[in-house]
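# Examination of the molecular architecture
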Amino acid sequence: MSVFNGNDAPVLGDLSLSVGEQATKNTAVGVALVAQDDDSGCLSTACSNDKWGAVSYTITQLQDKDGITIANNLFGIVPGAANTAQITIKDIGTSEIRDMNKVSGCVEPNPGVSKTCENREYTLKVTATDGFGRPTSAASNGYGLLSNATNVAKTSNTATITVTLTEQNDAPVMVCPSTLTIDENTKPGSNVVSGVITASDQEGDAIAYSITSGNDLDAFSVVGSAGGTKGTILVN
(Lines give C-alpha, C1' and ligand atoms only; values in the text may rest on other atoms or scores of the structure.)
Protein backbone atom coordinates (compact mmCIF):
# COMPACT_ATOMS: atom_id res chain seq x y z
CA MET A 1 0.00 0.00 0.00
CA SER A 2 1.30 3.46 -0.89
CA VAL A 3 0.48 6.55 1.17
CA PHE A 4 0.62 9.93 -0.51
CA ASN A 5 0.68 13.26 1.26
CA GLY A 6 -2.06 15.76 0.59
CA ASN A 7 -1.24 19.20 -0.77
CA ASP A 8 -0.40 21.63 2.04
CA ALA A 9 -1.11 25.33 1.67
CA PRO A 10 1.88 27.69 1.54
CA VAL A 11 2.66 29.36 4.86
CA LEU A 12 2.74 33.17 4.72
CA GLY A 13 2.76 35.01 8.03
CA ASP A 14 1.25 38.41 8.84
CA LEU A 15 3.64 41.34 8.48
CA SER A 16 3.91 45.02 9.38
CA LEU A 17 5.72 47.06 6.73
CA SER A 18 6.42 50.75 6.24
CA VAL A 19 7.22 53.10 3.37
CA GLY A 20 8.06 56.79 3.28
CA GLU A 21 5.22 59.19 2.50
CA GLN A 22 7.23 60.61 -0.41
CA ALA A 23 7.48 57.21 -2.14
CA THR A 24 6.74 57.22 -5.87
CA LYS A 25 5.84 54.54 -8.42
CA ASN A 26 7.73 51.23 -8.31
CA THR A 27 9.16 51.90 -4.84
CA ALA A 28 9.56 48.70 -2.81
CA VAL A 29 7.44 48.56 0.35
CA GLY A 30 9.40 46.99 3.20
CA VAL A 31 10.97 43.56 2.93
CA ALA A 32 10.10 40.85 0.42
CA LEU A 33 7.32 38.37 1.19
CA VAL A 34 8.53 34.79 1.67
CA ALA A 35 6.11 31.87 1.75
CA GLN A 36 7.11 28.31 2.64
CA ASP A 37 5.48 25.50 0.71
CA ASP A 38 6.25 22.12 2.29
CA ASP A 39 5.21 20.32 -0.89
CA SER A 40 8.24 21.72 -2.68
CA GLY A 41 10.45 19.58 -0.47
CA CYS A 42 12.48 22.53 0.82
CA LEU A 43 12.23 26.01 2.27
CA SER A 44 11.33 28.60 -0.32
CA THR A 45 14.53 30.51 0.33
CA ALA A 46 16.56 27.45 -0.68
CA CYS A 47 14.56 26.61 -3.80
CA SER A 48 14.49 28.15 -7.25
CA ASN A 49 11.47 27.68 -9.52
CA ASP A 50 10.58 24.36 -7.92
CA LYS A 51 8.31 22.39 -10.26
CA TRP A 52 5.65 21.54 -7.70
CA GLY A 53 5.97 24.21 -5.06
CA ALA A 54 6.20 27.48 -6.98
CA VAL A 55 4.15 30.12 -5.14
CA SER A 56 2.25 33.03 -6.70
CA TYR A 57 0.97 36.07 -4.79
CA THR A 58 -2.13 38.23 -5.18
CA ILE A 59 -3.40 41.28 -3.30
CA THR A 60 -7.03 40.39 -2.72
CA GLN A 61 -8.18 43.30 -0.55
CA LEU A 62 -7.12 46.79 0.54
CA GLN A 63 -8.57 48.65 3.52
CA ASP A 64 -7.95 52.18 4.74
CA LYS A 65 -7.14 53.30 8.30
CA ASP A 66 -10.83 53.02 9.27
CA GLY A 67 -11.12 49.43 8.04
CA ILE A 68 -13.13 50.40 4.96
CA THR A 69 -12.40 48.40 1.81
CA ILE A 70 -11.21 50.67 -0.99
CA ALA A 71 -10.12 50.23 -4.61
CA ASN A 72 -6.49 49.24 -4.83
CA ASN A 73 -4.94 52.07 -6.81
CA LEU A 74 -1.81 52.14 -4.68
CA PHE A 75 -0.09 48.78 -4.25
CA GLY A 76 1.12 46.10 -6.63
CA ILE A 77 3.04 42.88 -6.11
CA VAL A 78 6.05 41.74 -8.16
CA PRO A 79 7.17 38.08 -8.15
CA GLY A 80 10.76 37.37 -7.20
CA ALA A 81 13.10 34.40 -7.11
CA ALA A 82 12.69 31.40 -4.82
CA ASN A 83 8.97 31.80 -4.03
CA THR A 84 9.31 35.42 -2.91
CA ALA A 85 7.44 38.55 -3.93
CA GLN A 86 7.78 42.28 -3.33
CA ILE A 87 4.96 44.72 -2.58
CA THR A 88 5.53 47.95 -4.54
CA ILE A 89 3.87 51.27 -5.21
CA LYS A 90 1.78 51.10 -8.38
CA ASP A 91 2.29 53.44 -11.32
CA ILE A 92 0.82 56.62 -9.85
CA GLY A 93 2.40 58.92 -12.41
CA THR A 94 4.61 61.62 -10.93
CA SER A 95 2.69 61.70 -7.65
CA GLU A 96 3.94 60.71 -4.22
CA ILE A 97 1.89 58.12 -2.35
CA ARG A 98 0.71 60.70 0.17
CA ASP A 99 -0.90 62.65 -2.69
CA MET A 100 -3.02 59.61 -3.51
CA ASN A 101 -4.22 58.76 -0.03
CA LYS A 102 -6.60 61.58 0.91
CA VAL A 103 -9.86 60.56 2.52
CA SER A 104 -12.66 61.35 0.08
CA GLY A 105 -14.70 64.38 1.14
CA CYS A 106 -12.49 65.17 4.13
CA VAL A 107 -11.64 68.81 4.84
CA GLU A 108 -8.39 69.60 6.65
CA PRO A 109 -8.95 71.93 9.64
CA ASN A 110 -5.46 73.37 9.10
CA PRO A 111 -4.41 72.84 5.47
CA GLY A 112 -0.71 72.26 4.92
CA VAL A 113 -0.14 71.23 8.54
CA SER A 114 -2.93 68.91 9.65
CA LYS A 115 -2.89 65.29 8.43
CA THR A 116 -6.33 64.23 9.63
CA CYS A 117 -7.47 63.63 6.04
CA GLU A 118 -4.59 61.31 5.21
CA ASN A 119 -4.68 57.52 5.29
CA ARG A 120 -1.45 56.83 7.15
CA GLU A 121 -2.09 53.10 7.50
CA TYR A 122 -3.36 50.47 5.08
CA THR A 123 -4.28 46.82 5.55
CA LEU A 124 -3.68 44.44 2.65
CA LYS A 125 -4.87 40.88 2.30
CA VAL A 126 -2.26 38.94 0.34
CA THR A 127 -2.97 35.41 -0.85
CA ALA A 128 -0.12 32.97 -1.56
CA THR A 129 -1.11 30.09 -3.87
CA ASP A 130 1.07 27.06 -4.59
CA GLY A 131 1.91 25.75 -8.02
CA PHE A 132 0.55 22.24 -8.57
CA GLY A 133 0.71 20.30 -5.34
CA ARG A 134 2.05 16.76 -5.12
CA PRO A 135 1.10 14.34 -7.92
CA THR A 136 -0.57 11.09 -6.90
CA SER A 137 1.35 8.38 -8.76
CA ALA A 138 4.11 6.16 -7.45
CA ALA A 139 6.68 7.09 -10.12
CA SER A 140 9.61 9.13 -8.85
CA ASN A 141 10.79 12.38 -10.40
CA GLY A 142 13.96 14.41 -9.98
CA TYR A 143 12.47 16.50 -7.19
CA GLY A 144 12.05 13.68 -4.73
CA LEU A 145 8.31 13.86 -5.32
CA LEU A 146 6.04 11.90 -7.64
CA SER A 147 5.06 12.36 -11.26
CA ASN A 148 3.01 11.21 -14.30
CA ALA A 149 -0.36 11.48 -12.64
CA THR A 150 -3.05 14.08 -12.15
CA ASN A 151 -1.92 16.82 -9.78
CA VAL A 152 -3.92 17.53 -6.68
CA ALA A 153 -5.71 20.86 -6.42
CA LYS A 154 -3.82 24.05 -5.68
CA THR A 155 -4.03 25.41 -2.16
CA SER A 156 -3.60 28.91 -0.79
CA ASN A 157 -3.13 30.89 2.39
CA THR A 158 -4.00 34.55 3.07
CA ALA A 159 -1.96 36.85 5.30
CA THR A 160 -2.65 40.34 6.65
CA ILE A 161 -0.02 42.89 5.66
CA THR A 162 -0.11 46.28 7.39
CA VAL A 163 1.57 49.16 5.56
CA THR A 164 2.29 52.39 7.42
CA LEU A 165 3.33 55.66 5.76
CA THR A 166 6.24 57.17 7.69
CA GLU A 167 6.98 60.87 8.00
CA GLN A 168 9.70 62.34 5.79
CA ASN A 169 11.19 65.80 5.92
CA ASP A 170 9.85 68.11 3.21
CA ALA A 171 11.89 70.84 1.60
CA PRO A 172 10.71 74.39 2.36
CA VAL A 173 8.50 76.07 -0.22
CA MET A 174 9.99 79.41 -1.23
CA VAL A 175 8.57 82.29 -3.26
CA CYS A 176 10.77 85.10 -4.54
CA PRO A 177 10.92 87.38 -7.60
CA SER A 178 13.08 86.25 -10.50
CA THR A 179 14.54 89.74 -11.00
CA LEU A 180 15.27 92.73 -8.75
CA THR A 181 16.68 96.17 -9.55
CA ILE A 182 18.92 98.28 -7.29
CA ASP A 183 20.69 101.57 -7.69
CA GLU A 184 24.38 101.26 -8.51
CA ASN A 185 25.22 103.59 -5.61
CA THR A 186 23.47 101.45 -3.00
CA LYS A 187 25.60 101.38 0.14
CA PRO A 188 26.76 98.19 1.87
CA GLY A 189 24.31 96.99 4.50
CA SER A 190 21.33 98.38 2.64
CA ASN A 191 18.30 96.26 1.87
CA VAL A 192 17.68 95.51 -1.76
CA VAL A 193 14.04 94.84 -0.86
CA SER A 194 12.95 94.01 2.69
CA GLY A 195 10.99 90.77 3.10
CA VAL A 196 11.08 90.08 -0.62
CA ILE A 197 11.43 86.31 -0.02
CA THR A 198 8.72 84.27 1.70
CA ALA A 199 9.02 80.63 2.66
CA SER A 200 7.13 77.98 4.62
CA ASP A 201 8.05 74.56 5.99
CA GLN A 202 5.46 71.81 6.39
CA GLU A 203 7.15 70.45 9.52
CA GLY A 204 7.43 73.95 11.02
CA ASP A 205 11.23 73.89 11.13
CA ALA A 206 13.21 77.14 11.16
CA ILE A 207 14.39 78.13 7.68
CA ALA A 208 17.89 79.38 6.86
CA TYR A 209 18.96 81.02 3.60
CA SER A 210 22.11 80.91 1.51
CA ILE A 211 23.06 82.12 -1.96
CA THR A 212 24.34 79.11 -3.87
CA SER A 213 25.30 80.64 -7.25
CA GLY A 214 25.66 83.94 -9.11
CA ASN A 215 27.25 85.73 -6.16
CA ASP A 216 30.88 85.37 -7.21
CA LEU A 217 31.99 88.70 -5.73
CA ASP A 218 30.09 88.04 -2.51
CA ALA A 219 28.14 91.23 -3.15
CA PHE A 220 24.88 90.03 -1.60
CA SER A 221 23.62 88.06 1.38
CA VAL A 222 20.21 86.93 2.60
CA VAL A 223 18.99 87.40 6.15
CA GLY A 224 15.96 85.53 7.44
CA SER A 225 13.38 86.78 9.93
CA ALA A 226 10.20 85.50 11.57
CA GLY A 227 11.68 82.03 11.89
CA GLY A 228 12.91 82.21 8.31
CA THR A 229 9.46 82.69 6.82
CA LYS A 230 10.69 86.03 5.40
CA GLY A 231 14.04 86.74 3.81
CA THR A 232 15.73 90.06 3.02
CA ILE A 233 18.47 90.48 0.43
CA LEU A 234 21.29 92.77 1.61
CA VAL A 235 24.14 94.48 -0.17
CA ASN A 236 27.42 93.44 1.53
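### Thoughts on the sheet that holds strand β9 (residues 156-166)
Taken in spatial order, the four strands of this open sheet run β1-β9-β6-β3, and their pairing is mixed. Both edges of this open sheet fall to β1 (15-20) and β3 (56-63), since each of them pairs with a single strand only. Pairs of neighbouring strands in the sheet enclose a mean axial angle of 30°, with direction left out of account.

### Observations regarding the side chain of Asp-130
Structurally, the position occupied by Asp-130 is in the loop between β6 (121-129) and β7 (139-140). Assessed through its relative accessible area of 2%, Asp-130 is described here as buried. Of the polar contacts made by the side chain of Asp-130, one reaches the backbone nitrogen of Thr-155; its length is 2.9 Å.

### Observations concerning the packing of aromatic side chains
The tally for this structure, following the rule as stated, stands at one aromatic pair. Taking 5.6 Å as the distance between ring centres and 70° as the angle between the ring planes, the aromatic pair formed by Phe-75 and Tyr-122 counts as edge-to-face. Residue Phe-75 is found in strand β4 (residues 75-79), and its partner Tyr-122 is found in strand β6; the two are separated by 47 residues along the sequence. With respect to burial, Phe-75 and Tyr-122 carry one shared label: buried.

### A look at the pattern of salt bridges
Considering all chains together, one arrives at three salt bridges under this definition. Lys-25 is paired through a salt bridge with Asp-91; the nearest N and O atoms lie 3.9 Å apart. Here Asp-91 lies in the loop between β5 (84-89) and β6 and Lys-25 lies in the loop between β1 and β2 (33-34), a separation of 66 residues in the sequence. Judged by relative accessible area, which is 59%, Asp-91 ranks as exposed. Taking the shortest distance from any N to any O, the salt bridge between Glu-167 and Arg-120 comes out at 3.6 Å. Here Glu-167, found in the loop between β9 and β10 (173-175), pairs with Arg-120, found in the loop between β5 and β6; they are 47 residues apart in sequence, far enough to count as distant. Judged by its relative accessible area of 16%, Arg-120 falls in the buried class.

### Topic: the nonpolar core
Membership of the largest hydrophobic core comes to 26 residues, with the highest contact counts inside it found for Tyr-57, Phe-75, Ile-87, Leu-124, Val-126 and Ile-161. Those elements that provide at least two residues to this core are β1, β3, β5, β6 and β9. Apart from the residues within four sequence positions on either side, Phe-75 is in contact with Val-29, Ile-59, Leu-62, Ile-87, Thr-88, Ile-89, Lys-90, Ile-97, Tyr-122, Leu-124 and Val-163. Counting residues in hydrophobic clusters, the runner-up holds nine residues, among them Val-196, Ile-197, Val-222 and Ile-233.

### A few points about the sheet that holds β5
Read across the sheet, three strands follow the order β2-β5-β4 without closing on themselves; strand pairing throughout is antiparallel. The outermost strands of the open sheet, each flanked by one partner alone, are β2 and β4. Pairing between β4 and β5: five bridges, direction antiparallel. Residue pairing across strands places Pro-79 opposite Ala-85, the latter belonging to β5.

### Side note on the confidence of the model for the protein chain
Looking at the protein chain as a whole, its pLDDT mean stands at 77, while 72% of the residues score no less than 70. Within the model, the stretch residues 41-51 combines pLDDT values under 50 with 17 contacts to residues more than four positions away or in other chains. Under a pLDDT of 50 for its full length, residues 135-149 has, in the predicted model, 34 contacts with residues more than four places off or in other chains.

### Notes on unusual backbone geometry
Despite not being glycine, Asn-26 shows a phi value in the positive range, around 70°. Residue placement: Asn-26 occurs in the loop between β1 and β2. On the accessibility criterion, Asn-26 (57% relative accessible area) is exposed. A positive phi angle, near 55°, is found at Asp-218, a position not held by glycine. Looking at the secondary structure, you find Asp-218 in the loop between β11 (191-200) and β12 (220-225).

Conventions used here
Residues numbered from 1 in each chain as written. Predicted model: local features only at pLDDT ≥ 70, side-chain atom pairs only at ≥ 80, totals over all residues. Heavy atoms only, no water. Pairing = 2+ DSSP bridges. Helix = DSSP H or I, 4+ residues; strand = E, 2+ residues; numbered from the N terminus. Axes fitted to C-alpha atoms, helices over the stretch in contact; angles between N-to-C directions. Buried < 20%, exposed > 50% of the residue type's maximum accessible area, 1.4 Å probe, protein only. Polar contact = N/O pair within 3.5 Å; in protein donor to acceptor, adjacent residues only side chain to side chain. Phe/Tyr/Trp six-rings, centres within 6.5 Å; stacked < 30°, edge-to-face > 60°. Salt bridge = Lys/Arg side-chain N within 4 Å of Asp/Glu carboxyl O. Core = buried A, V, L, I, M, F, W, Y, C linked by side-chain atoms within 4.5 Å. Contact = heavy atoms within 4.5 Å. pLDDT = per-residue confidence, 0-100.

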